[in-house]
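Working through the structure, step by step
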Amino acid sequence: KQEVTQIPAALSVPEGENLVLNCSFTDSAIYNLQWFRQDPGKGLTSLLLIQSSQREQTSGRLNASLDKSSGRSTLYIAASQPGDSATYLCAVSLSSGSRLTFGEGTQLTVNP
Amino acid sequence: DAGVTQSPTHLIKTRGQQVTLRCSPKSGHDTVSWYQQALGQGPQFIFQYYEEEERQRGNFPDRFSGHQFPNYSSELNVNALLLGDSALYLCASRLWGGGGYTFGSGTRLTVV
């Protein structure tokens, strides 16, 4: 059974800091990994999708890396802003049609 | 381009009642999945529909059922509501066979 763990559970940083969020998964035979952002009480916004054959994806100030063999992914946020405050979730899929298995998220607070 | 649309946004039901939640997938998507997210936790997979059939199911009781219509929209039905069914219900769509998931804003169900 695939399990996804996110560390830390919560993180508070001053504005402008670069930060890294971690995601680990127990079954390395994943099809893809997706990072999401969730604002309080809202739905999920997709940030980055990494296919199993890829090592990283970038979008603006966000960079996600994937190391399948070690069962890890990191989300790097450069020059953090108060508007980045949200919960960040990672999720993995084991095949092209399969469900997403989520971690419990990292709650990020960026202080002005 | 409309994303995933869910209705209603909020709902309050009494224990023992039945509820129906609705989802319209993103334009061009043909696969719909439903997730339940309790407060402070990651989303949990309920089931997935493609070509009007349930393709995968998570660890949820038979009180949870669904349907997909020819236009790819979907409904989630929950019978005999329990207090523990109170959660944010998320609908996600994608193209069968690949690509990332797009999530809706969710329906907040409160059972009293």
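These figures come from a predicted structure and were not determined experimentally.

About the thresholds
- Residues numbered from 1 in each chain as written.
- Chains lettered and ligands numbered in written order.
- Predicted model: local features only at pLDDT ≥ 70, side-chain atom pairs only at ≥ 80, totals over all residues.
- Heavy atoms only, no water.
- Disulfide = S-S within 2.5 Å.
- Helix = DSSP H or I, 4+ residues; strand = E, 2+ residues; numbered from the N terminus.
- Buried < 20%, exposed > 50% of the residue type's maximum accessible area, 1.4 Å probe, protein only.
- Pairing = 2+ DSSP bridges.
- Axes fitted to C-alpha atoms, helices over the stretch in contact; angles between N-to-C directions.
- Core = buried A, V, L, I, M, F, W, Y, C linked by side-chain atoms within 4.5 Å.
- Contact = heavy atoms within 4.5 Å.
- Phe/Tyr/Trp six-rings, centres within 6.5 Å; stacked < 30°, edge-to-face > 60°.
- Salt bridge = Lys/Arg side-chain N within 4 Å of Asp/Glu carboxyl O.

**Notes on the state of the cysteines**
Enumeration according to the criterion identifies two disulfides over all chains in this entry. In this model Cys23 of chain A forms its disulfide with Cys90 of chain A; the gap between the sulfur atoms is 1.9 Å. Classification of the bridge connecting Cys23 of chain A and Cys90 of chain A rests on its S-S torsion, roughly 70°, and on that basis the disulfide is right-handed. Here Cys23 of chain A is found in strand β3 (residues 19-25), whereas its partner Cys90 of chain A is found in strand β9 (residues 86-93), with 67 residues between them in sequence. Among the residues examined, Cys90 of chain A registers a relative accessible area of 0% and is labelled buried. With a sulfur-sulfur separation of 1.8 Å, Cys23 of chain B is cross-linked through a disulfide to Cys91 of chain B. Linking Cys23 of chain B and Cys91 of chain B, the disulfide has an S-S dihedral of approximately -65° and is accordingly described as left-handed. With Cys23 of chain B in strand β3 (residues 19-24) and Cys91 of chain B in strand β9 (residues 87-95), this pair connects stretches of sequence that are 68 residues apart. Residue class for Cys23 of chain B comes out buried when judged on its relative accessible area of 2%.

**Topic: the sheet that holds strand β7 (residues 64-68) of chain B**
Each strand in a sheet pairs with another by means of backbone hydrogen bonds, the pair being arranged parallel or else antiparallel. All names here are of chain B. In spatial order, the strands read β1-β3-β8-β7; together these four strands make up an open sheet with antiparallel pairing. If you trace the sheet from one side to the other, it starts and ends with β1 (5-7) and β7, each paired once. The mean inter-strand angle of the sheet, taken between neighbouring strand axes irrespective of direction, is 20°. Note: β1 against β3, three bridges, orientation antiparallel. Bridging across to β3, Ser7 finds its partner in Arg22.

**Let's talk about the nonpolar core**
Phe25, Leu33, Trp35, Leu75, Ile77, Tyr88 and Leu108 of chain A are the most contacted members of the largest nonpolar core, which has 23 residues in total. Every element with two or more residues in this core is listed here: β3, β4 (32-38), β5 (44-51), β7 (62-67), β8 (72-77), β9 and β11 (106-111) of chain A. If sequence neighbours within four positions are ignored, Leu33 of chain A has contacts with Cys23, Phe25, Leu48, Leu49, Ile50, Leu66, Ser73, Ala91 and Val92 of chain A. In terms of nonpolar packing, the next biggest core, distinct from the first, is built from 20 residues, Val4, Leu81, Ala87 and Tyr89 of chain B among them.

**Thoughts on the packing of aromatic side chains**
Residues and elements named next belong to chain B. For the structure on display, the rule yields nine aromatic pairs over all chains. Relative to Phe103, the ring of Tyr35 lies with its centre 5.6 Å away and its plane at 50°, an arrangement referred to as tilted. On the criterion of sequence distance, the pair formed by Tyr35 in strand β4 (residues 31-37) and Phe103 in strand β10 (residues 98-103) is long-range, its members being 68 residues apart. As far as the burial class goes, Tyr35 and Phe103 line up, both buried.

**Some words on the pattern of salt bridges**
Residues and elements named next belong to chain B. Per the counting criterion, the structure on display carries six salt bridges over all chains. Taking the shortest distance from any N to any O, the salt bridge between Arg22 and Glu75 comes out at 3.4 Å. Here Arg22, found in strand β3, pairs with Glu75, found in strand β8 (residues 74-78); they are 53 residues apart in sequence, far enough to count as distant. The exposure class assigned to Arg22 is partly exposed, which follows from its relative accessible area of 41%. Here Arg57 makes a salt bridge to Glu54, at a shortest N to O gap of 3.1 Å. Classification of Arg57 by relative accessible area gives partly exposed; the value is 25%.

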